[in-house]
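Residues per chain are reported as follows:
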Amino acid sequence: MLVFCGIPLFFLELSFGQFTSLGCLGVWKVSPMFKGVGYGMMVVSTYIGIYYNVVICIAFYYFFMSMTNLLPWTYCNNPWNTPDCTGIVNRTKRTSPSEEYWRNYVLNISDGIGNFGEVRLPILGCLAVSWVVVFLCLIRGVKSSGKVVYFTATFPYVVLTILFIRGITLEGAISGIKYYLTPQWEKILDAKVWGDAASQIFYSLGCAWGGLITMASYNKFHNNCFRDSIIISVTNCGTSVYAGFVIFSILGFMANHLGVDVSEVADHGPGLAFVAYPEALTLLPISPLWSLLFFFMLILLGLGTQFCLLETLVTAVVDEIGTDWIIKNKTYVTLGVAIVGFLLGVPLTTRAGIYWLLLMDNYAASFSLVVISCIMCICIMYVYGHKNYFKDVEMMLGFPPPLFFRICWKYVSPFIITFILIFTVIQYKPITYNDYVYPSWSLIIGFAMALSSVICIPIYALFKIAVSEGSTFLERLKNSVKPDPDWGPALQEHRKGRYATTGPESVEVRPLKEELKDEGKEKLKEKETEKKDEIGLTIPGSNGSTLNPTPSA
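The structure displayed is predicted, hence computed values, not measured ones.

**Focus: helix α13 (residues 330-345)**
Its 16 residues place the ends of α13 23 Å apart at the C-alpha level, agreeing with the 22 Å of an ideal helix rising 1.5 Å per residue. When α13 is considered as a whole, its buried residues turn out to be Lys330, Val333, Thr334, Val337, Ala338, Gly341 and Gly345. Looking straight down α13, one finds that the buried residues subtend no more than 135° of arc, so they occupy a single side. Summarising the geometry of α13, the exposed residues directed more than 90 degrees from the buried face are Tyr332 and Leu343.

Structure representation (structure tokens):
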């Protein structure tokens, strides 16, 4: 999945954004009829940005609650505990202190998705803190977030290494690692497994969110984004594997301590981050210290991804409106997006919030990501033309895309994506949360969220055909897919070859929109060079991490 889909699509999006220096909406000058793909990316980023920051705020809450001598989820003698709570495993039924802390105290979870109940004020406060932190880090756009990311991208490796060294020295760690590395061959034909693998690749690498295109647009025109895509993709997935060793070494120790199999303590989703692993930390000496490190790491990983999501939305808004006021006051746009994101996240802080969070996670940005990527490949390779795009990449990098990537872009990646999508639909199973089965009306809402991003593509295509010039439908269709006259490199000095005589004499460059544009060409060029020297490529990584390669000269 990584080799034939992840890395090729990653390189495609980086080169796409870098070639034009435009965000996820502006790049569709390549074929204006497909601009709906950009709007679909914005919708996906909006959904993810809303619920992702709620996950970060819960990590903030656990971080604050770890500032104590005794972790509050260690024992069963608390007001929120039930008679079923026990620290000793029962193979038929077990309610751990950490699980009851999560369900009865942190979430105070209701009996169903339709029963919202009251807002959990501590979670709401942490959500406000999370959005304030994200806004402050993006107050000057990527110029400020690029510097923050140097810390948020590197420090988690320090924490991972500390936890890994501590984990492998514990008794039973080997059994946890063996469980982690042992494949379950009976699940290899399960379409859900491959669908989850595709979702993991798309989530960890950030494909189809619009963030890769947006951040790559800040690169210098001749930056070697091919090298970046290889390094980032491999490092990202290597980090995921490394994190697995950290997690399962601790879970192995926990299973050994409780005298059960690792499979009985392993969990997934929120249960792993906020139930299983925190419970394992209570068994360690100086448990509050390890808890602080673990949740601080989760916060940094989440913030790195949230920076990218918010910047994608802000950049798309600024690019689309494009007035002098909006360009000069981009900070207000960032503030507005942050406030709207906070307000839309408030329902997820209610007692039914976890149900809605999982619904958004499973539907809002699952199969829509693969659909968007597939259509993007088809547009660039078959509508714009693979030969044209290969020449564009060669003009930018100095060499054409390697044969392997050309084959993947044209045939392999779209085929794999389509295959996974079809079998995922065939073997579809409704979402559940523990023993709770979601009602039909909530699943309809989930499908509506999933379709809301994909439906942008045909709606905008029909609109573009309708407003295009031509006396017949076929003429309008042809005109709607033709590249815009402004398509190509942003700076005039880079518009060579077939771009030399096309487009206006000077082309607006998005990275300069934070500056006044009514200056001479030399001043413009000087500012662009100065600004891009300070910008790093921010890429969402494994489980929300970010990687920031050294910018090329």
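**Section: the packing of aromatic side chains**
Inspection of every chain in the model, using the stated rule, returns 54 aromatic pairs. Relative to Phe226, the ring of Phe11 has its centre 5.2 Å away and its plane inclined at 65°; by these criteria the two rings are edge-to-face. Of this pair, Phe11 sits in helix α1 (residues 2-20) while Phe226 sits in helix α9 (residues 225-258), and the two are 215 residues apart along the sequence. Looking at Phe11, the relative accessible area reads 0%, which means it is buried. For Phe226, a relative accessible area of 19% translates into the label buried.

**Details of the nonpolar core**
Looking at soluble globular proteins, one finds that nonpolar side chains tend to be buried together. If you look at the biggest cluster of nonpolar residues, it comprises 157 residues, and the most contacted ones within it are Tyr62, Trp102 and Tyr438. Looking at which element gives the most residues to this core, the answer is helix α2 (residues 35-65), with 18 residues. Dropping the residues within four chain positions of it, Tyr438 is found in contact with Ile113, Ile354, Tyr355, Leu358, Leu359, Ile431, Thr432, Tyr433 and Leu443.

**What about the environment of Leu397?**
Within the secondary structure, Leu397 is located in helix α15 (residues 367-397). Distance in space between the C-alpha atoms of Leu397 and Phe226 is 8.2 Å, their sequence separation being 171 residues.

Procedures and definitions
Residues numbered from 1 in each chain as written. Predicted model: local features only at pLDDT ≥ 70, side-chain atom pairs only at ≥ 80, totals over all residues. Heavy atoms only, no water. Helix = DSSP H or I, 4+ residues; strand = E, 2+ residues; numbered from the N terminus. Expected span 1.5 Å × (residues − 1). Buried < 20%, exposed > 50% of the residue type's maximum accessible area, 1.4 Å probe, protein only. Arc of directions from axis to C-beta. Phe/Tyr/Trp six-rings, centres within 6.5 Å; stacked < 30°, edge-to-face > 60°. Core = buried A, V, L, I, M, F, W, Y, C linked by side-chain atoms within 4.5 Å. Contact = heavy atoms within 4.5 Å.

By themselves, these are just geometric observations and shouldn't be taken as functional.
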